[in-house]
Amino acid sequence: MSTKTGLFSSINGFVDRAIGADGLPPAVRRKLLRQQLGSVRQMMPALLAAMAVVSVVLLVLTWGHARFWPLAVTIGAINVLQLNATFLAWRNGRRENETKAAKPVGRTVIYALLLGLLWSAVFNLLPLELSASMRGAATISAGGLLCISMMALVNYPQALAAFTIPLIAGVLGTVIGTGSTPSLWVESVLLMAFTTVMVGITFNHAAAFVAHRASEMLLDERGEIIELLLGEFEQSTSDWIWGVDAEGSINRISRGFTTATGLGEDDLVGADFVHFMQCVTPADDPLMAHLEGDIAARSTFQDVELRVTAAGVDCWWSLTGKPAYDEAGRYLGYIGTGSDITERKLAERRITMLAHHDPMTGLLNRNKFTEQLNSCVARLERYGAPFAMMFLDLDQFKSVNDSRGHMAGDRLLVQVAQRISERVREPDLAARLGGDEFAILLPNTGDADGVGRLADALIADIRRPYSIDGHLTNIGVSIGVAMAPLNGTQPDEILRNADLALYRAKADGRSTYRFFESQMDSEARERRLLEVELRDAVAKGELALHYQPVVATEDERPVGFEALIRWNHPGRGLVPPAIFIPVAELSSLIADIGDWTIEQACMTAASWPDHLTVAVNLSAKHFRLSDIALVVQKALAMSGLAPHRLELEITENLLMENPDEVVPRLAELRQLGVMIAMDDFGTGYSSLSYLLKFPFDRIKIDRSFVHASGEDAVARETLKAIAALGRTLKLKITAEGVETREQADFLAGIACHQLQGYYFGRPLDPPALAQYLMTRFAGRAGALKAEAEQQLAAIAS
């Protein structure tokens, strides 16, 4: 059954492709199929009559012959079957159902196939050798049946093929079976030629039928959609259709037009459109005059926005209109659309108003603040009027924003802006420059003492607790002050100097204010010089790695080292990372330094005993700028270091910035086989949540807890809790900053796995590292000594 179904589907698909019905949408194809069956249904009576006539003729000619009764039975079956098919077609036509189209389709093809097979049997039963009249009657009957079937089934080629193929095969079999004579071969050739022509005509006609009917149905469907959309449009209250006749009188309106005007249809229809619009628009409105001119000139107008007073309410309309003409080119009037655009106009007005203000806090925005700063500079140049600028940056805001969420952070900014607005005087200008940065302009102010008092008051105001979602929150503010003209006479210079003063306020402990001083500029230049020298140091190979031992708790034998970067400056000496790393963080140098650190640490560790690991710190900016996975993969390949011997340490700040991006990249590193540790654990705000987000291999307890454990009971309890957490999560624990025997014993007692600190060894340069390893791993002494000598030679060169 499945084979038959597959064969029928293949033939059906071939015919559909031949007549262009295969690419039609399913709904259109179903409608077309019903029309094809309908055309077959209309021709069923004619096909029944033709078969009845042929049946009578053939029975009369074979009367009395031995084959009469087999012929009579076969012909009787044909007529009964055709009569039944005609009845079913008539009944289906009366109760046509789109959802049951498959049943009539299959039945039509099956009936056609059965009739073709039965007629094939009839022509094989005919005694053509009886007489020439018998052969002529058979030939005419076969040709007639083919002609009638083509006319009846031409719009449904599948049924025509099912009927004619068995019929032609039967006729050819009959002709060939009667013997080979010239006349029979002529008849066979004519029959095949006629069949070929019939097939071509059938497919061409069917294709034209499909194209014509499908086009009609698509047009009808689109027309229905257009009518539906037009009906919905006319029912809309914010958009409407209007029309006027050749005299300019309103002759068509939709529901939206009457709603917009507040008038009834009887009041509008017949009124002069232009006069009506003049009544509802302001006098001497140039846009209304433009609209009137377009209508007088019979020109198309589009999106003309008019301010109108309708139903006692001021609003805005947008009108579009186009002149209409009949087929003879006579002017019929106008047809157009309209819409109420009041909400859009009000929104545009709000946008214009907010263009100069921060939408969240209501303070001036950066653009407007810059404009006001330029105005103060202009007054300074013209009248010598001094002024002051204060640059404010919130302290601890990022921690609130990260731990409590951005919505809480926004609400906090709003409250800060309110306190600033309440503190500044009437002529002063407060602005939010972005994020948690604010600025205040104090026009006509040269009193540094007064500015200092204002700064103190702002610091006290902003330091007061905030209630955010029922929780109290504390933050601070650092302020930098620049006085003009003392600290600058140009906008960029004043902004830069206020920023430098802010930088100093933050460096001096935050929650304070600083006035700009000349040495701040010198310090900024020093930082820029240090950046240039650091860039040269990277190129010249002046950076070096020192290694601090990490020991196992149970026997205090070294299990690895942490790589710590140093800068051997030719003039400054050994520059600690606390000085040059912040400079590198402010530029792209941190990526080059970080990549080099990973590669150098792997190369060095490859020469150590196999059980020793090396740990490398990853800064957040280095992680963002570099493809860390690729860097690590390259370093491991170059050095031959086993991946599990490399440990990458990250801080919680990295995860807090963008966990959705960072966690997949950490997982990529884990797939390489390297170890991932969370450094400075316990100093963040939600360390536990990040431990659950990413399965770290190790957590490193911050040295501040270890340092306080000797005298602070809370610190000791915290360390115990961290150790218990590590056991629960099956994480290894490393404690940093161990400096005394008592600390080491305590940490061993709470089951820390590894210890690190000055008690076990300071960071070692390459020669000291070689000596350290030789005293503990004598088997590798020669190799380590040679390596140390090579490193010393490289440093000396």
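Up top is the structure these notes are about.
Quick notes on the rules
- Residues numbered from 1 in each chain as written.
- Predicted model: local features only at pLDDT ≥ 70, side-chain atom pairs only at ≥ 80, totals over all residues.
- Heavy atoms only, no water.
- Axes fitted to C-alpha atoms, helices over the stretch in contact; angles between N-to-C directions.
- Helix = DSSP H or I, 4+ residues; strand = E, 2+ residues; numbered from the N terminus.
- Parallel < 35°, antiparallel > 145°, perpendicular 65-115°, else oblique.
- Left-handed = near helix turned anticlockwise from the far one by under 90°.
- Contact = heavy atoms within 4.5 Å.
- Nonpolar A, V, L, I, M, F, W, Y, C, P; charged D, E, K, R; others polar.
- Pairing = 2+ DSSP bridges.
- Buried < 20%, exposed > 50% of the residue type's maximum accessible area, 1.4 Å probe, protein only.

Visitor: Can you help me understand the packing of helix α13 (residues 366-383) against helix α17 (residues 491-507) in this one?
Guide: Geometrically, a packed helix pair is captured by the angle between its two axes and the distance between the axes. Put simply, α13 and α17 touch, their axes get as near as 10 Å, and they point 110° apart. Taken together, the axes of α13 and α17 are roughly perpendicular relative to one another. The chirality of how α13 crosses α17 is right-handed. Along its contact with α13, which presents F369, L373, N374 and V377, the element α17 presents P491, I494 and L495. Split into classes, the residues belonging to the contact of α13 with α17 amount to six nonpolar, one polar and no charged.

Visitor: Quick question: what am I supposed to make of the pairing of strand β16 (residues 613-617) here?
Guide: In summary, the side chains of a regular strand alternate between the two faces of the sheet. For strand β14 (residues 558-569) and β16, the ladder comprises four bridges, and the chain directions are parallel. In the strand pairing of β16, F561 is matched with V614. Two elements, β16 and strand β17 (residues 646-651), share four bridges in a ladder whose sense is parallel. Across the sheet, A615 pairs through a bridge with E647, a residue of β17.

Visitor: Can you walk me through the side chain of T445 in this structure?
Guide: Take T445: it is sitting in the loop between β8 (437-443) and α16 (448-463). Take T445: its relative accessible area is 11%, and that puts it in the buried class. Setting aside its immediate chain neighbours within four residues, T445 contacts P386, F387, A388, R425, V451 and M483.

Visitor: It is not clear to me how the environment of L612 should be interpreted in this structure. Could you clarify?
Guide: Looking at the element boundaries, L612 is found in the loop between α20 (589-605) and β16. Accessibility expressed as a relative area gives 0% for L612, which makes it buried. Expressed as a C-alpha distance, the spacing of L612 and V559, which sit 53 residues apart in the sequence, is 5.0 Å. Contacts of L612, omitting those with residues within four sequence positions, involve P558, V559, G560, F561, R645, L773 and F777.

Visitor: For this particular structure, what's the right way to read unusual backbone geometry?
Guide: With glycine set apart, most residues show a phi of negative sign, and most peptide bonds adopt trans. The peptide bond linking A484 to P485 adopts the cis configuration, its omega dihedral lying at 10°. Positionally, P485 belongs in the loop between β11 (476-484) and α17. Within the chain, D469 stands out as a residue other than glycine whose phi angle is a positive 55°. As for its placement among the helices and strands, D469 is situated in the loop between β9 (466-468) and β10 (471-473). Judged by its relative accessible area of 49%, D469 is partly exposed. Even without glycine at this site, E556 takes up a positive phi of about 55°. Examined against the element boundaries, E556 turns out to sit in the loop between β13 (543-552) and β14. When its relative accessible area of 28% is taken as the criterion, E556 is described as partly exposed.

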